Amino acid sequence: RGVSLSIQPDKFCKLIDEDEDVVEKSIKEIDFYSWFLDSIGMPENLSAPVSLHLNSQPNKEDHDAYCDFADRFYENFKRLYLSTFDNYYISRFVLGRYWKTLDKNLQTQFVKSFNKYIVATYAPKFKGWEGTFKATDSLLENNYYNVKMDIVNKDGPTLKMMWKMYLNNNGEFKILDVNIDGVSMLVTQRAEFLSVIKNNPNGVKGLITAMEKKTGS
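*Asks:* Can you walk me through the packing of helix 5 (residues 185–199) against helix 6 (residues 203–215) in this structure?
*Replies:* For any two helices packed against each other, the geometry comes down to the angle between their axes and how far apart the axes lie. Contact geometry of helix 5 with helix 6 gives a least axis separation of 8 Å together with a crossing angle of 115 degrees. Crossing angle aside, the handedness with which helix 5 passes helix 6 is right-handed. Here Phe193, Val196 and Ile197 of helix 5 come into contact with helix 6, specifically with Gly203, Val204, Leu207 and Met211. In the contact of helix 5 with helix 6, the residues fall into six nonpolar, one polar and no charged.

Structure below.
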């Protein structure tokens, strides 16, 4: 009791790699670590984390392989965002009071364009990134879970991150906000969008047009 244990597989344990055998072996390795933690009676919480190292991408000189990797990375990031974030709540929040002024069709169009915009904006920030996520603490406040982590960069400073999430009616955790070094993604995005809406003669429609232009929609 009162003992914590963390496991960090080496850099050759990769969930994204051109060699499918590497990915398969990595999954088996992670399964083994999970089995080991269960076998010695460690709880399924942040006192016994498995920290993964993310670092795989092909040589840029191999153009086709690099483009294929970039496409797969983009699609994986998109799937991750749509499945783990409450993008409907986030869409409403970033529009503030303007959300209620939209009809259902325009709300749907905004959510769709906003999702593409988020993926197009943040996916490139992680491409080629090398480092690890290390869970440090978690607490429950007003039915929301705040999970604190360290982002340990291979070549750079360690950043403090906090995920704000909740448990939905299907028993799934959904992320509402990401806070990095005290800066909220949600609040920052809302301030940016409200400024665009205020200065665009077409208001929210102008914002949607700007997002679609950036994503090539």
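What follows continues from the structure just given.
*Asks:* How do you make sense of the environment of serine 195 when you look at a structure like this?
*Replies:* Following the sequence through the fold, serine 195 ends up in helix 5. Spatially, the C-alpha atom of serine 195 lies 9.8 Å from that of leucine 207, the residues being twelve residues apart in sequence.

*Asks:* Even after reading the chapter, I still don't get the nonpolar core, so can you show me in this structure?
*Replies:* Soluble globular proteins: nonpolar side chains tend toward being buried together. Counting 31 residues, the largest nonpolar core has Leu95, Phe110, Phe114, Trp163, Phe193 and Met211 as its most contacted members. Every element with two or more residues in this core is listed here: helix 2 (63–84), helix 3 (87–95), helix 4 (104–126), strand 3 (144–153), strand 4 (158–167), strand 5 (173–180), helix 5 and helix 6. Per element, the largest residue contribution to this core is eight residues, and it comes from helix 4. Among all residues touching phenylalanine 193, those that are not within four sequence positions of it are Val94, Phe110, Phe114, Tyr117, Leu207 and Met211.

Rules used throughout
- Counting restarts for each chain, with residues numbered from 1 along the sequence as it is written.
- Restriction of local features to residues with pLDDT of at least 70 applies here, the model being predicted, together with a cutoff of 80 or more for giving and counting side-chain atom pairs; totals for whole chains, interfaces and linings are based on all residues.
- With hydrogens and water excluded, all non-hydrogen atoms of the structure serve as input to the side-chain values.
- Axis geometry follows a simple rule: fit a line to the C-alpha atoms, using only the stretch in contact for helices, then measure angles between N-to-C directions, giving values from 0 to 180 degrees.
- Helix and strand assignments follow DSSP, with helices taken as H or I runs no shorter than four residues and strands as E runs no shorter than two, numbered in order from the N terminus.
- The handedness criterion is simple: a crossing whose near helix is rotated anticlockwise from the far helix by less than a right angle is left-handed, and one whose near helix is rotated clockwise is right-handed.
- By the convention used here, residues are in contact when the closest approach between their heavy atoms is within 4.5 Å.
- All residues other than Ala, Val, Leu, Ile, Met, Phe, Trp, Tyr, Cys, Pro, Asp, Glu, Lys and Arg, Gly among them, are scored as polar; the first ten of these are nonpolar and the last four charged.
- Nonpolar cores are built from buried Ala, Val, Leu, Ile, Met, Phe, Trp, Tyr and Cys residues. Side-chain atoms within 4.5 Å join them into one set.
- Under the scheme applied here, a residue whose accessible area is under 20% of the maximum for its type counts as buried, over 50% as exposed, and between as partly exposed, the area being computed with a 1.4 Å probe on protein chains only.

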